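A look at the structure
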Amino acid sequence: MSGPRPRISFGKIAYRVGAVDAEQLARARAERDARGGEATLEEVLIEQGALSEEMAALVREAFLRACAVCPDCGRRTDIEERDPSDFACRCGGSFVPLAETESDPQAIDPAFLQSEEGPVSDAGPVDAEP
Ligand SMILES: [Zn+2]
C-alpha cells in the first residue's frame, strides 16, 4: 500500500526554495485566512513585500517541477518527498507530474497552488507544513 501522501502548496515550495522564511509564511497565511479566500497566498506574500514578482515566478517554476496530480480524483502530491517507485493514488489512479501537462509555470491553475483542506491520508495528518 502507498504510505502517507506528501502534500504540496505554493507556501511549502516557497519555503523550501528559501524565497520566504517561516515567519513571513505564517503572517501571510494568517492574512489569507482572515480574508476568507479572497486572495491567494502568493498574492498576499507579494502584497506584504515578502516575495517579489520575480521570486514568485521562481517559486512557480519549482512548484511545477515538484507537483504531481491524479487525473482521476484531483489529489495532488509532492514528487520530491515521494517514493519515486510509488506513484499510485488511493483512488486507483496514478499521479502524473504536472510538468507533463503544463509547461508554463505562470499558467498553473491557482487551485493547484493552494493547500488542500481536510485529511489527505488514511494514516492521518501527515505533512506538518513549516
Ligand atoms: Zn486519485
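Please read all numbers here as calculations on a predicted model, not as lab measurements.

**With respect to the overall build of the protein**
A count of helical and extended segments in the protein gives five helices and three strands. A burial count over the protein gives 28% of its 130 residues as buried. Expressed as a percentage of contacts within the protein between residues at least 6 apart in sequence, the contacts between residues at least 24 apart total 63%.

**Brief notes about the sheet that holds strand S1 (residues 67–69)**
On the basis of which strands lie adjacent, the open sheet formed by three strands has the order S2-S1-S3 and antiparallel pairing. Edge positions in the sheet fall to strand S2 (76–78) and strand S3 (96–97), since each has one partner strand and no second. Judged from the two bridges that link them, S1 and S3 form a sheet pairing that is antiparallel. By the bridge assignment, alanine 68 is partnered in S3 with proline 97.

**Comments concerning the confidence of the model for the protein**
On average, residues of the protein score 88 in pLDDT, and 87% of them reach the 70 mark or higher. Here helix H5 (residues 110–113) stands out as the element of the protein with the lowest mean pLDDT, 87, in contrast to helix H4 (residues 53–66), whose mean of 97 is the highest. Segment residues 120–130: pLDDT under 50, and 19 contacts once partners within four positions in sequence are set aside and those in other chains are kept.

**What about H4?**
Between its terminal C-alpha atoms H4 stretches 20 Å, which fits the 20 Å expected from 14 residues at 1.5 Å a residue. All of the buried residues along H4 are Ala56, Val59, Arg60, Phe63, Leu64 and Ala66. The buried side chains of H4 occupy one side of the element, clustering within an arc of 165° when seen end-on. For H4, the exposed residues lying more than 90 degrees away from the buried face are Glu54 and Ala57. Elements in contact with the buried residues of H4: helix H1 (10–16), helix H3 (41–47), S1, S2 and H5.

**A closer look at helix H2 (residues 22–34)**
Spanning 13 residues, H2 covers 18 Å between terminal C-alpha atoms, matching the ideal 18 Å at 1.5 Å per step. Burial in H2 covers these residues: Leu25, Ala28 and Arg32. Each buried residue of H2 sits inside an arc of 70° when the element is viewed along its axis, so together they form one side. Exposed side of H2, more than 90 degrees from the buried face: Ala22, Glu23, Ala30, Asp33 and Ala34 are the residues found there.

**Observations regarding the nonpolar core**
In this structure, Phe10, Ile13, Ala14, Leu45, Val59, Phe63 and Cys67 are the most contacted members of the largest nonpolar core, which totals 25 residues. Those elements that provide at least two residues to this core are H1, H2, H3, H4 and S1. By residue number, the principal contributor to this core is H4, which donates five residues. Excluding anything up to four places from it in sequence, cysteine 67 contacts Ile8, Arg76, Ile79, Leu98 and Phe112.

**Remarks on the environment of arginine 82**
Summarising the element assignment, arginine 82 is placed in the loop between S2 and S3. Along the chain, arginine 82 and alanine 66 lie 16 residues apart, while their C-alpha atoms are 9.8 Å from each other. In contact with arginine 82, other than residues within four places in its own chain, are Pro6 and Thr77.

Rules used in this analysis
- Residues numbered from 1 in each chain as written.
- Predicted model: local features only at pLDDT ≥ 70, side-chain atom pairs only at ≥ 80, totals over all residues.
- Helix = DSSP H or I, 4+ residues; strand = E, 2+ residues; numbered from the N terminus.
- Buried ≥ 20, exposed ≤ 12 C-beta atoms within 10 Å, placed from the backbone.
- Contact = placed C-beta atoms within 7 Å.
- Pairing = 2+ DSSP bridges.
- pLDDT = per-residue confidence, 0-100.
- Expected span 1.5 Å × (residues − 1).
- Arc of directions from axis to C-beta.
- Core = buried A, V, L, I, M, F, W, Y, C linked by C-beta atoms within 7 Å.

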